Amino acid sequence: MKSRVHIRPPVPADMEAFIGAVKRSKALHKPYIAAPDTEAKYQAYLEKMVAPVYYPFLILHRETGALVGVVNVSNVIRGMFHNGYLGYYAFAGHERQGLMKQGLQAVVKHAFKSMKLHRLEANIQPCNKPSIALAASCGFQKEGFSPRYLKVRGRWRDHERWAIVAS
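Let us look at the structure shown here. Residue numbers restart at each chain and count upward from 1, following the sequence in its written direction. In view of the model being predicted, local features appear only for residues whose pLDDT reaches at least 70, and side-chain atom pairs are presented and counted only at 80 or more, with totals across whole chains, interfaces and linings using the full set of residues. Side-chain descriptors were evaluated using all non-hydrogen atoms of the structure, hydrogens and water having been removed beforehand.

## Some words on the overall build of the chain
Note the threshold: Helix and strand labels come from DSSP, where a helix needs a run of H or I of at least four residues and a strand needs a run of E of at least two; each type is numbered from the N terminus. As a reference, a globule follows 2.2 Å times the number of residues to the power 0.38, and the radius of gyration itself is taken over C-alpha atoms.
When helices and strands are counted, the chain shows five helices and seven strands. Of the regular secondary structure in the chain, the N- to C-terminal order runs β-α-α-α-β-β-β-α-β-α-β-β. Relative to the globule expectation of 15 Å for 167 residues, the C-alpha radius of gyration of the chain, 15 Å, shows essentially globular dimensions. For the chain, the spread of C-alpha atoms along the three principal axes comes to 40 × 35 × 30 Å.

The following block contains the structure:
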């Protein structure tokens, strides 16, 4: 079955559509993430997300071109580790359709094949059942639990560690 999505890095021309999608998705994202929702925050996101440490990807619907979601591969470490950390989120109206799964699978494939990473880790708040289900459906395995692991939206939050390694 051909994927219904494709991935590509974000560019400045995506700003209006991106910010609009974030604003429509506030209820979906809270309390899990604080996505860039202003021009200044979007520009800062683009300035930060630069190789060889950060690799941002937009997931776009193949037929409509609509923004489906985002997957960021960040804090890439080479040397003996070859690891990256994932952050991802869907945009409202595109959740629970299998589109994020196809997008995440495409990013994982790209990370292992093109970027030559060995391992990807996703840290997910335990109450974020849809995100955990997405990681598990893409082959990630739960590795552990980290109390007060990441500061999200101003609060230190517990996270489960989910990871996948290249085969």
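## Remarks on the environment of Thr38
Position of Thr38 relative to the elements: it lies in the loop between helix H2 (26-29) and helix H3 (39-48). Sequence separation between Thr38 and Phe18 is 20 residues; the distance between their C-alpha atoms is 9.5 Å.

## Digging into the pattern of salt bridges
Formally: Salt bridge criterion: a side-chain nitrogen from Lys or Arg within 4 Å of a carboxyl oxygen from Asp or Glu. Partly exposed residues are those whose accessible area sits between 20% and 50% of the maximum for their type, while under 20% is buried and over 50% is exposed, using a 1.4 Å probe and protein chains only.
Counted according to the given criterion, the structure contains six salt bridges. Lys41 is the partner of Asp37 in a salt bridge, and the nearest nitrogen-oxygen pair spans 3.3 Å. Classification of Asp37 as buried rests on a relative accessible area of 13%. According to the relative accessible area criterion, Lys41 is partly exposed, its value standing at 47%. The network of salt bridges with common partners includes Lys26, Asp37 and Lys41.

## Some words on the pairing of strand E3 (residues 67-77)
For clarity, the cut-off: Think of it this way: DSSP has to see at least two bridges between two strands before they count as a pair.
In terms of residue burial, E3 counts as a mostly covered element, since nine of its 11 residues are buried. Two strands pair when backbone bridges link them, and strand E2 (residues 55-61) and E3 are joined in this way by six bridges, in the antiparallel orientation. Its bridge partner lying in E3, Pro56 is registered against Asn72. Where E2 folds back on E3, the antiparallel hairpin that results is connected by five residues, among which Gly65 adopts a positive phi of roughly 80°. Pairing analysis gives seven bridges linking E3 to strand E4 (residues 83-90), with the strands arranged antiparallel. Within E4, the position partnered with Val70 by the bridge is Tyr89. Joining the antiparallel neighbours E3 and E4 is a turn of five residues, in which Gly79 adopts a positive phi near 70°.

## Looking at the sheet that holds E3
Inclusion rule: Lines fitted to C-alpha atoms define the axes, with helix axes restricted to the stretch in contact, and inter-axis angles between N-to-C directions lie between 0 and 180 degrees. We call two residues in contact when some of their heavy atoms are within 4.5 Å.
Taken in spatial order, the seven strands make up an open sheet running E1-E2-E3-E4-E5-E7-E6, and their pairing is mixed. For this open sheet the edge positions go to strand E1 (5-8) and strand E6 (141-152), each flanked by a neighbour on one side alone. The sheet shows a mean angle of 30° between the axes of neighbouring strands, direction not considered. Running over the sheet, helix H5 (residues 129-137) touches E4, strand E5 (119-124) and strand E7 (155-165) and is turned about 15° from E7.

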